[in-house]
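In case you want the letters, here they are:
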Amino acid sequence: MTDSSPARRSSPRRLPSLAALLAALLPLAAVAADGARSTITLPGERAFPEAITSTADGTLYVSSLGNGGIFRARPGESQATLWIAPGTYGTRSTFGVLADEKAGVLWVCSNDISAVIGPHVAGSETGAWLKGFDLTTGQGKVSARFPNERALCNDIALGPDGSVYATNTMAPEILKLSADRKTLAVWATDPRFGPSGKDAGLDGIVFGGDGHVYVNTYTKAELFRVDVKDGKAGAVTPITPSRPLVLPDTLRLIEGTTFWLIEGGGRLDRMTVNGDTATIETIKDGFALPTGITQVGKHLAWVSEGQLDLILDPAKRTSRKPAVPFKLHAVPLGAK
């Protein structure tokens, strides 16, 4: 008997078209599913995420000021897990993180700030360090100490040639890692970068699409451009924002001279620099002391919420447990 059902009558020649359609739709479904995650939880009562970075596949890497180590969240996961244990490769409290996929390295700032948050943070090294870990295995590969004893390695940037730079919050210095990846040397210095009294100095750093370096100071909320020619630092120019900033933290490149800017005061901003001025557009407000931003693809960003006031404000140190778990927050991006 001949089966005349619609399934039997379908021509085999239509199957490739269906397969092609499914192949086209699956990535879109994955993007939608990933975007549906509004938060990613970080385990532990003392995670205090200080920075966040990502790789092209959407994997997130998060540092921890309170515990040390590095958390990781793969695409689709709603809870991060500890990937690099506290104390690994001599690390202490971890600050800036930056994924360098071309070199296969996760760059990490490590600092001994036990006088601030207590000696429980694992690790044996004192001072400030720039560390490099293999992006695949998590094995330590690079360990360079800041030459200035008064130092705090805060944030990291990659130059157009792959060179690695880091800011020193405790002194007016931008440092550069040597070609053999063994030592750090002062690349640029300016009195305006430095802290004064209890003020914190340099924080965020990024290379713009114009090849120049952009940095901010944390407490004084200042912006600067450092001109770069043939890899050397030139003139330092203040940049005036369109409105006052509150504790500017991380800077990340969008394109050209447009950047993501995190304000510890609670905002994620889009900052566009034109000459010596910057237009600040708030994309989302209301974060609890946000510390970092990373963009994944064209339509999604993740913001780390540090709640650092629980540990840095003397009035709150007696109660360090956060009111809510530490989280990363998804921010859908528009067409801009």
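The rules behind these values
Residues numbered from 1 in each chain as written. Predicted model: local features only at pLDDT ≥ 70, side-chain atom pairs only at ≥ 80, totals over all residues. Heavy atoms only, no water. Phe/Tyr/Trp six-rings, centres within 6.5 Å; stacked < 30°, edge-to-face > 60°. Helix = DSSP H or I, 4+ residues; strand = E, 2+ residues; numbered from the N terminus. Buried < 20%, exposed > 50% of the residue type's maximum accessible area, 1.4 Å probe, protein only. Pairing = 2+ DSSP bridges. Axes fitted to C-alpha atoms, helices over the stretch in contact; angles between N-to-C directions. 1 Å grid on protein atoms, 1.4 Å probe; cavity = no way out; pocket = protein on both sides within 12 Å on 5 of 7 lines; lining within 4 Å. Points joined across faces, edges and corners; volume = space filled by probe spheres on them. Nonpolar A, V, L, I, M, F, W, Y, C, P; charged D, E, K, R; others polar. Disulfide = S-S within 2.5 Å. Core = buried A, V, L, I, M, F, W, Y, C linked by side-chain atoms within 4.5 Å. Contact = heavy atoms within 4.5 Å.

### A word on the packing of aromatic side chains
In the structure shown here, the tally under the stated rule is seven aromatic pairs. Taking 5.5 Å as the distance between ring centres and 75 degrees as the angle between the ring planes, the aromatic pair formed by F193 and F224 counts as edge-to-face. Taken as a pair, F193 in the loop between β13 (184–189) and β14 (202–207) and F224 in strand β16 (residues 223–229) lie far apart in primary sequence, 31 residues in all. When its relative accessible area of 3% is taken as the criterion, F224 is described as buried. Taken together, the ring pairs connect Y165, W187 and F207 into an aromatic cluster.

### Observations concerning the pairing of strand β19 (residues 258–263)
Summarising burial for β19: six of the six residues are buried, a large majority. When strand β18 (residues 248–255) meets β19, the two strands line up antiparallel, connected through five bridges. Opposite P248, over in β19, you have E263 as the bridge partner. Hairpin connection, β18 to β19: the antiparallel pair is bridged by two residues, and G256 has positive phi, about 55 degrees. Across six bridges, the pairing between β19 and strand β20 (residues 267–274) is antiparallel. Looking across to β20, one finds that I262 is bridged to L268.

### As for the sheet that holds strand β22 (residues 290–296)
In spatial order, the strands read β1-β24-β23-β22; together these four strands make up an open sheet with antiparallel pairing. A single partner strand is all that each edge strand has here, and the edge strands are β1 (39–41) and β22. Neighbour-to-neighbour, the strand axes of this sheet turn through a mean angle of 20 degrees, independent of strand direction. Where β1 and strand β24 (residues 327–332) come together, three bridges link them in antiparallel fashion. From the neighbouring strand, T39 faces β24, where its bridge partner is H329.

### Section: empty space enclosed by the protein
Rolling a probe over the atoms, with the probe sized like a water molecule, indicates the empty space that remains. Inspection of the entire model under this criterion finds one cavity of 30 Å³ or more. Considering only enclosed or pocket space, the largest cavity measures out at about 30 Å³ in volume. Along its surface, the largest cavity is lined by E50, A51, G96, N154, D155, D203, D249 and T250. Listing elements by their share of the lining of the largest cavity, those giving two or more residues are β2 (49–54), β10 (153–158) and β18. Residues belonging to the lining of the largest cavity are distributed by class as follows: one nonpolar, three polar and four charged.

### Digging into the layout of surface pockets
The computed volume of the second largest pocket comes to approximately 620 Å³. At the level of secondary structure, the elements contributing two or more residues to the lining of the second largest pocket comprise β2, β6 (93–100), β10, β14, β18 and β22. Of the residues assigned to the lining of the second largest pocket, the class counts are 14 nonpolar, seven polar and three charged.

### Brief notes about the state of the cysteines
Counted according to the given criterion, the structure contains one disulfide. In this model, C109 is linked to C153 through a disulfide, with the two sulfur atoms separated by 2.0 Å. Residues C109 and C153 share a disulfide whose torsion about the S-S bond is about -50 degrees; that sign makes it left-handed. Of this pair, C109 sits in strand β7 (residues 105–111) while C153 sits in strand β10, and the two are 44 residues apart along the sequence. This pair shows no difference in class: C109 is buried, exactly as C153 is.

### Here we look at the sheet that holds β19
Pairing in this open sheet of eight strands is mixed, and the strands run β14-β15-β16-β17-β21-β20-β19-β18 from one edge to the other. Where the open sheet ends on each side, the last strands, each with one partner, are β14 and β18. For this sheet, the mean angle separating the axes of adjacent strands, direction not counted, is 30 degrees.

### Some words on the nonpolar core
In this structure, L42, L60, W107, F146, L177, W302 and L328 are the most contacted members of the largest nonpolar core, which totals 39 residues. Sort the elements by how many residues they give to this core and β7 lands first, with three residues. Aside from chain neighbours lying at most four places away, what touches L328 is S38, T39, I40, L42, I52, L60, V62, W302, V303 and S304. Judged by nonpolar contacts, the second largest core, of 15 residues, contains I174, I205, V215 and V228.

Function cannot be inferred from these measures alone, as they are strictly geometric.
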